[in-house]
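A closer look at the structure
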Amino acid sequence: MKYITLNNGVKMPKLGYGVYQVTPEECVRCVEDALRVGYRLIDTAQSYDNEYEVGKAIQQSGVPRQHIFLTTKIWMANSGYEKACQSIDDSLRRLQTDYIDLMLIHQPFGDYYGTYRAMEDAYKAGKLRAIGVSNFFGDRLVDLCHTVEVMPAVDQVETHIFHQQQQLSTIMKRYGVVHEAWGPFAEGRKNFFINPALQKIATVHHKTTAQIALRFLLQKDIVVIPKSVHCERMIQNLDVFDFSLTAEEMQRLKRFDSDDSAFFSHYDPDMVESFYRLSEVRNLRI
Ligand code: NAP
């Protein structure tokens, strides 16, 4: 496994396993499989409703806790100082651990400044080894960086060949924030896995389109957390450290950037409203 060093000296695996849309029923088996085949970063969130199963799988895996980098995210229903403090303790309990390696603010909505203060306090208390944000675009990230005591270590945003976040990545570098990609395959949208350009490069390297897509991001120093419920795909997605893309191939893939989300815009007011509606109905297991 390759590691990247965060701005507070903590080492984070460059490739991890994401459990969004992994049901509680499947999650223990999936995380156990992922740890058994070599993953050492697990990415969950309060809103995925599987923190308890992630914790259970870690307990059962036999992999020492200190060898695992565990990320979770504070959902917007828990935004604001008081609620965020409580929700950090709730996540610790569900994950059955006394520290979380990386806690992120999931969405840039609600009282996320209050949430950030709660994370800073939990960081100082040793409950969190690193803190950061997710889905914070340039304007909000820069503003946040100017108000905090502990700089965010990571910003996790949608990133794949069709949405490379080049401008945001430059801002992250300027503030010492590590760029982490969610949806590195755009969840298969836009015929991702049968993209002819990816297929052509994959043939040359005797790899799959998925592996080329991950390698492209890794070579740009972007942390990736692909999700799969299939063990053979987990193995495949991890097997990306024995080859390199050439400068010309990197350049060719760079041209696929449409600078547009494959999902939705965080700047769309209807979308923000639907996030609030979702937040009201989602009833997290305590
Ligand atoms: P993704 O990793 O881009 O794509 C997952 C999809 O690709 C699944 O349908 C999976 O199918 C398929 N797949 C995986 N490996 C494959 C392979 N080698 N060949 C063919 N198909 C393959 O999507 P994602 O789950 O949205 O993103 C990854 C992680 O990022 C999440 O799990 C979550 O931890 C995080 N995330 C964060 C946010 C945020 O707001 N911060 C948002 C979304 C996601 P199978 O499972 O059937 O194999």
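One can find the structure itself at the top, above this paragraph.
Residues numbered from 1 in each chain as written. Predicted model: local features only at pLDDT ≥ 70, side-chain atom pairs only at ≥ 80, totals over all residues. Heavy atoms only, no water.

1. A short note on the site of the ligand
The test is simple: Note on terminology: near, applied to a residue and a molecule or strand, indicates that one of the residue's heavy atoms is within 4 Å of it. In protein, a polar contact means a hydrogen-donor-capable atom and an acceptor-capable atom, both N or O and within 3.5 Å, with residues adjacent in sequence counting only if both atoms are side-chain atoms; elsewhere, any N or O pair within 3.5 Å suffices. Here the accessible surface of atoms and residues is derived via Shrake-Rupley with a 1.4 Å probe, and residues count as covered only by protein chains that are part of the display. Secondary structure is summarised from DSSP: a helix means a run of H or I of at least four residues, a strand means a run of E of at least two, and numbering begins at the N terminus for each.
Contacts to the ligand come from 28 residues, most closely from Asp43, Ser134, Glu187, Ser228 and Arg233. Residue Val19 places a main-chain N or O atom 3.3 Å away from an oxygen atom belonging to the ligand. Side-chain polar atom of Asn237 to a nitrogen atom of the ligand: 3.0 Å apart, as the coordinates give it. The fraction of the free accessible surface of the ligand (910 Å²) that becomes covered by protein chains is 89%. The leading source of residues in the shell around the ligand is helix H9 (residues 231-238), at three residues.

2. Overview of helix H5 (residues 138-145)
Note the following rule: In this scheme, a residue with accessible area under 20% of its type's maximum is buried, one over 50% is exposed, and one in between is partly exposed, where area comes from a 1.4 Å probe on protein chains only. Regarding the arc, it is the one traced by the directions from the helix axis to the C-beta atoms. In this analysis, two residues are considered to be in contact whenever any of their non-hydrogen atoms come within 4.5 Å of each other.
Residues of H5 that are buried include every one of Gly138, Leu141, Leu144 and Cys145, and no others. For H5, the buried positions fall inside an angular range of 140° around the axis, keeping them on one side. In this structure, the buried residues of H5 make contact with helix H4 (112-124), strand E7 (131-134), strand E8 (154-158) and helix H6 (166-174).

3. Quick word on the packing of aromatic side chains
Put simply, the test is: We call Phe, Tyr and Trp rings a pair once their centres come within 6.5 Å, taking the six-membered ring for Trp, and we label the pair stacked below 30 degrees between planes, edge-to-face above 60, and tilted otherwise. The criterion is that NZ of a Lys, or CZ of an Arg, lies within 6 Å of the ring centre and within 35 degrees of the ring normal, and then a charge sits over that ring.
Here the structure, examined in full by the defined rule, presents 14 aromatic pairs. On the numbers, 5.7 Å between centres and 90° between planes, the contact of Phe162 with Phe192 is edge-to-face. Of the two residues, Phe162 sits in the loop between E8 and H6 while Phe192 sits in the loop between strand E9 (178-182) and helix H7 (196-205), which places them 30 residues apart along the sequence. Exposure remark for Phe162: the relative accessible area of 9% places this residue in the buried category. Members of the aromatic cluster, joined through ring pairs, are Phe162, Phe185, Phe192, Phe193 and Phe256. Cation over ring: Arg65 sits above Tyr99, and NZ or CZ is 4.0 Å from the ring centre. The side chain of Arg215 reaches across the aromatic face of Phe243, ending 5.7 Å from its centre.

4. A look at the pairing of E8
Note the cut-off: Any two strands with at least two DSSP-identified bridges between them are counted as paired. Crossovers are described as right-handed under a simple rule: with the strands pointing away from the observer, the path leading from the first strand over the helix to the second runs clockwise.
With respect to burial, E8 is a largely interior element, five of its five residues being buried. Of the pairings in the sheet, the one linking E7 to E8 comprises two bridges and is parallel in character. Across the sheet, the residue bridging to Ser134 is Gln156, located in E8. Pairing of E8 with E9 involves five bridges; the strand directions are parallel. Its bridge partner being in E9, Gln156 is matched across the sheet by Glu180. Between the parallel elements E8 and E9, the chain passes through H6 in a crossover that is right-handed.

5. Overview of the packing of H7 against helix H8 (residues 209-218)
Here is the rule we go by: Between N-to-C directions, angles span 0 to 180 degrees; the directions come from axes that are lines fitted to C-alpha atoms, helices contributing only their stretch in contact. The labels follow the angle: roughly parallel below 35 degrees, roughly antiparallel above 145, roughly perpendicular from 65 to 115, and oblique for the rest. Nonpolar residues are Ala, Val, Leu, Ile, Met, Phe, Trp, Tyr, Cys and Pro. Charged residues are Asp, Glu, Lys and Arg, and all others, Gly as well, are polar.
The N-to-C vectors of H7 and H8 enclose an angle of 95°; their axes lie 8 Å apart at closest approach. Looking at the two axes, H7 sits roughly perpendicular to H8. Packed against H7, whose contacting residues are Leu198, Gln199, Ile201, Ala202 and His205, the element H8 presents Thr209, Ile212 and Ala213 at the interface. A class-by-class count of the residues in the contact of H7 with H8 yields five nonpolar, three polar and no charged.

6. Some details on unusual backbone geometry
The phi dihedral of Asn135 is positive, around 65°, even though this residue is not glycine. Turning to its location among the elements, Asn135 is positioned in the loop between E7 and H5. The backbone of Glu187 sits at a positive phi, close to 50°, despite the residue not being glycine. In this structure, Glu187 sits in the loop between E9 and H7.

7. Considerations on the packing of helix H2 (residues 51-61) against helix H3 (residues 81-95)
Following both chains from N to C, one finds H2 and H3 inclined at 45°, their axes separated by 7 Å at the closest point. Compared by their axis directions, H2 and H3 come out oblique. Counted together, Glu51, Tyr52, Val54 and Gly55 of H2 and Ser91, Arg94 and Leu95 of H3 form the full contact between these two elements. A per-class count over the contact of H2 with H3 returns three nonpolar, two polar and two charged.

8. With respect to the sheet that holds strand E4 (residues 41-43)
Pairing is parallel across the open sheet formed by eight strands, whose spatial order is E3-E4-E5-E6-E7-E8-E9-E10. Strand pairing shows two members of the sheet lacking a second neighbour, strand E3 (17-18) and strand E10 (223-224), which therefore form its edges. Judged from the two bridges that link them, E9 and E10 form a sheet pairing that is parallel. Bridging from a neighbouring strand, Ala181 pairs with Val224 of E10.

9. Comments concerning the nonpolar core
What counts here: Residues belong to a common nonpolar core when they are buried Ala, Val, Leu, Ile, Met, Phe, Trp, Tyr or Cys residues joined through side-chain atoms within 4.5 Å.
Core analysis: the biggest nonpolar cluster contains 78 residues, and Tyr17, Val19, Val31, Ile42, Val54 and Met119 have the highest contact counts within it. Those residues in contact with Val31, other than ones at most four positions away along the chain, are Tyr17, Val19, Ile42, Val54 and Ala57. With 14 residues, the next largest nonpolar core counts Ile4, Leu41, Phe69 and Ala153 among its residues.

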